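# Survey of secondary and tertiary structure
Next come the chains, spelled out residue by residue.
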Amino acid sequence: MSKVKWLLPLLLAGLVIASGFVFVKYYNAYEAPGEHWTPASPIAHQMAYFSTPMGAEGDYLVTIEKLSSKSPLFFVEYQTPGKVLEMKVHSDDGLVRLQQQFADEGEYRITVQHSIHPMHKEVIDFTVQTPLSKYNNDVLLFIFLLAAGYLSGKRLRGLAVVCLMVFGGGMASPEQAVAHGMAGNQQVMSTVMQIGNEVDDIALTWVSGKAPIGEANREPMDWRMQLTKVGSPVKRASYDLDFIHLESGLPVLHIEGVTTDHGMIDLQYSPPDGTEYQLQLRANIEGRMYHLALNGEAEAIRPTAGRQWASFLLMMIPVLLGIFWGWKRGKCG
Amino acid sequence: MNISITMQQGMAKSHASTPLKIWAERVLWLAWIPMVLFTVFFASIPDVHNGMHPVRHSTTIVQCH
């Protein structure tokens, strides 16, 4: 017995080191760059960087689709499976690059296909992960609910109030989700200044004639734009496009491309949040850099009654367990 | 002050004699957690929604928008 006691610190040290190895693999997926994405598995609500060597200069059709969502009981499905993004990316050095922020976790597929040689393509499957802070908050929430239930069961008035305060404080911790007000119901407060869609004789317009209409995280919306100079299309102009989330001022998508022979910028995209966006374009036309922008908006999807009941009943499980436990322990107040 | 003391006495009396109050207290003890959960996570009152928005986004199980 005494021998075991003496060995215990060593065993614990070994256990901690061994668990370190297990967690390294886990944390690497969040931190370390992968073969195509950085981080190897993009984290929802954070910018992820993609690059893949295609070996040839040219225009590439890039498609991102969601293959499946995580378990619907424990993870809210914001983006439904299906196409998320379809757009042309231009590469001068044979590397196709993209920056994109995903709305939620799940299995995704990115396809990069040469616009002239369709057989020259690459299909990459990847996972988008849940931010670690959300798991922490889930665990905290369930612990607090259990504690609140227990104290209610025991009818300990004072402690239950303290618990409520701790619960409120703990859950109000800042997190990384794309936070915003009631999009569509009120004007978005933004520090982003207006950029016009016309500079001198260069104009950026919607191909369909107006800003797209649609819901965030559903079917890709038609964000196609056309670059014209005195009415005629600006062909083969290289550009940078930033899809700016106006409430945060941060991009959710960044693309480098070249306009088509019709002066078009092809973009079918399902934005990750229901709010206002500004599509900022920096185009190089005949040696001069033009800054142009168009504004658009995606409608916020509303929580469904089914989802709300599922969440509520899930939360009530630890509460009821706590109440039962506290009640069994007897009244103390 | 006099009224307050009178009220306290009255309350103490009713506490001792009325099972209704005990029942009300029990209901409150059962209801306060669902009420808090509803307010924090599900109420669609604009001001409450805006105030609680990051909290609603902070877990994996609550749908916001």
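The structure presented is a predicted model; accordingly, all values stated were derived computationally and were not measured. Position numbers for residues count from 1 along each chain, tracking the sequence in the order it is written. Chains carry letters from A onward and ligands carry numbers from 1 onward, assigned in written order. Reporting in this predicted model follows two pLDDT cut-offs: at least 70 for local features of residues, and 80 or more for side-chain atom pairs to be given and counted; totals over whole chains, interfaces and linings ignore these cut-offs and use all residues.

## Here we look at the overall build of chain B
Within chain B, the secondary structure is distributed over three helices and zero strands. Numbering goes from the N terminus for both helices and strands, where a helix is a DSSP run of H or I of at least four residues and a strand is a run of E of at least two. Each helix (α) and strand (β) of chain B, taken in turn from the N terminus, gives the series α-α-α. Burial is judged by counting the other C-beta atoms within 10 Å of a residue's own C-beta: 20 or more makes it buried, 12 or fewer makes it exposed, and any count in between marks it as partly exposed, with every C-beta position built from the backbone. Per-residue burial over chain B gives 26% buried out of 65 residues.

## Some words on the overall build of chain A
Looking only at helices and strands, chain A features four helices and 18 strands. A total of 333 residues make up chain A; the buried ones form 32% of that total. The contact rule is simple: place each C-beta atom from the backbone, and if two of them lie within 7 Å, those residues are in contact. Nonlocal contacts in chain A, meaning residues at least 24 apart in sequence, comprise 71% of its contacts between residues at least 6 apart.

## Some remarks on the sheet that holds strand S2 (residues 47-53) of chain A
Residues and elements named next belong to chain A. When DSSP finds two or more bridges between a pair of strands, those strands are recorded as paired. An order of S1-S2-S5-S14-S13-S17-S18 is seen for the seven strands of this open sheet, with the pairing classed as antiparallel. Whereas interior strands pair on both sides, the edge strands pair on one side only; in this sheet they are strand S1 (37-38) and strand S18 (288-297). Relative to S18, strand S17 (residues 276-285) runs antiparallel, the two being bridged by ten bridges. Across the sheet, the residue bridging to Tyr-277 is Gly-296, located in S18.

## Quick look at the confidence of the model for chain B
pLDDT is a residue-level measure of predictor confidence that goes from 0 to 100. Mean pLDDT for chain B: 76, with 72% of residues reaching 70 or above. When mean pLDDT is compared element by element in chain B, helix H2 (residues 19-42) of chain B scores highest at 85, while helix H1 (residues 2-17) of chain B scores lowest at 53.

## A look at the interface of chain A and chain B
The interface of chain A with chain B comprises 34 residues on the first partner and 22 residues on the second. Looking at the side of chain A that touches chain B, the elements that each hand over two or more residues are helix H2 (132-154), helix H3 (157-171) and helix H4 (305-329) of chain A. Each residue gets one label: Ala, Val, Leu, Ile, Met, Phe, Trp, Tyr, Cys and Pro are nonpolar, Asp, Glu, Lys and Arg are charged, and the others, such as Gly, are polar. Split by residue class, the side of chain A that touches chain B holds 19 nonpolar, nine polar and six charged.

## Quick notes on the domain arrangement of chain A
A common measure of how large an interface is: the accessible area buried when the components associate. Start and end points for every domain follow an automatic or database-based domain assignment. Its domain assignment divides chain A into domain 1 (1-31), domain 2 (32-131), domain 3 (133-175 + 303-329) and domain 4 (198-297). The straight-line distance from the C-alpha centre of domain 1 of chain A to that of domain 4 of chain A is 52 Å.

## Digging into the confidence of the model for chain A
Residues and elements named next belong to chain A. Averaged over all residues, the pLDDT of chain A is 86; the fraction at 70 or higher stands at 87%. Ranking the elements of chain A by mean pLDDT puts H3 last with 60 and strand S6 (residues 106-114) first with 96. In the predicted structure, residues 174-187 sits below a pLDDT of 50 and forms 38 contacts with residues beyond four places in sequence or in another chain.

## Examining the packing of H2 of chain A against H4 of chain A
When two helices pack together, their arrangement is given by the angle between the helix axes and the distance between those axes. Residues and elements named next belong to chain A. Between H2 and H4, the shortest axis-to-axis distance is 6 Å and the interhelical angle comes to 35°. The two elements H2 and H4 cross, and the hand of that crossing is right-handed. Between H2 and H4, the contacting residues are Phe-142, Leu-145, Leu-146, Ala-147, Ala-148, Gly-149, Tyr-150, Leu-151, Ser-152, Gly-153 and Lys-154 on the first element and Met-315, Pro-318, Val-319, Leu-320, Leu-321, Gly-322, Ile-323, Phe-324, Trp-325, Gly-326, Trp-327 and Arg-329 on the second. When its residues are assigned to classes, the contact of H2 with H4 shows 16 nonpolar, five polar and two charged. Each axis is a line fitted through C-alpha atoms, and for a helix only the stretch in contact is used; angles between axes span 0 to 180 degrees, taken between their N-to-C directions. Each helix crossing is assigned a hand: it is left-handed if the near helix lies turned anticlockwise from the far helix by less than a right angle, otherwise right-handed if that turn is clockwise.

## Focus on H4 of chain A
Residue and element names in this part refer to chain A. With 25 residues, H4 should cover 36 Å at 1.5 Å per step; its first-to-last C-alpha distance of 36 Å lies within 8% of that length. At any given residue, the bend is defined as the angle formed between two axes, one fitted to the seven residues that end at that position and one fitted to the seven that begin there. The largest bend in H4 amounts to roughly 25° and is located at Ile-317, with the proline Pro-318 lying one to four residues further along. Turning to H4, its buried residues number three or more, namely Ser-311, Met-315, Pro-318, Val-319, Gly-322, Ile-323 and Gly-326. Multiply 1.5 Å by the residue count of a helix minus one, and that product is the helix's expected span.

## What about the packing of H4 of chain A against H2 of chain B?
Look at H4 of chain A against H2 of chain B: their axes get within 11 Å of each other, and the N-to-C directions meet at 140°. Here H4 of chain A is positioned oblique relative to H2 of chain B, judged by the angle of their axes. Here H4 of chain A and H2 of chain B pass one another in a crossing that is right-handed. In this structure, H4 of chain A contributes Gln-308, Ser-311, Phe-312, Met-315 and Val-319 of chain A to the contact, and H2 of chain B contributes Ile-33, Leu-37, Phe-41 and Phe-42 of chain B. Split into classes, the residues belonging to the contact of H4 of chain A with H2 of chain B amount to seven nonpolar, two polar and no charged. With respect to orientation, any angle under 35 degrees is reported as roughly parallel, any angle over 145 as roughly antiparallel, any angle of 65 to 115 as roughly perpendicular, and every other angle as oblique.

## Some points on the sheet that holds strand S10 (residues 221-222) of chain A
On the basis of which strands lie adjacent, the open sheet formed by six strands has the order S7-S6-S3-S4-S16-S10 (chain A) and antiparallel pairing. Each edge of the open sheet is held by one strand with a lone partner, namely strand S7 (121-128) and S10 of chain A.

## Here's the deal with the environment of Lys-88 of chain A
Residues and elements named next belong to chain A. Following the sequence through the fold, Lys-88 ends up in strand S4 (residues 82-91). Along the sequence, Lys-88 and Thr-63 sit 25 residues apart, while their C-alpha atoms lie 8.7 Å from each other. In contact with Lys-88, not counting residues within four places along its chain, are Asp-59, Tyr-60, Leu-61, Ser-115, Gly-257 and Asp-266.

## Quick look at unusual backbone geometry
Residues and elements named next belong to chain A. That bond from Thr-38 to Pro-39 is cis: its omega, -5°, falls within 30 degrees of zero. Turning to its location among the elements, Pro-39 is positioned in the loop between S1 and S2. A positive phi is found at Asp-200, a non-glycine position, where the angle reads about 50°. Mapping Asp-200 onto the fold places it in the loop between strand S8 (198-199) and strand S9 (202-206). Here Asp-200 falls in the exposed class, since 10 other C-beta atoms lie within 10 Å of it. The residue Asn-217 is not glycine, and still its phi comes out positive at about 60°. Mapped onto the fold, Asn-217 is located in the loop between S9 and S10. Given 22 C-beta atoms within 10 Å, Asn-217 falls into the buried group.

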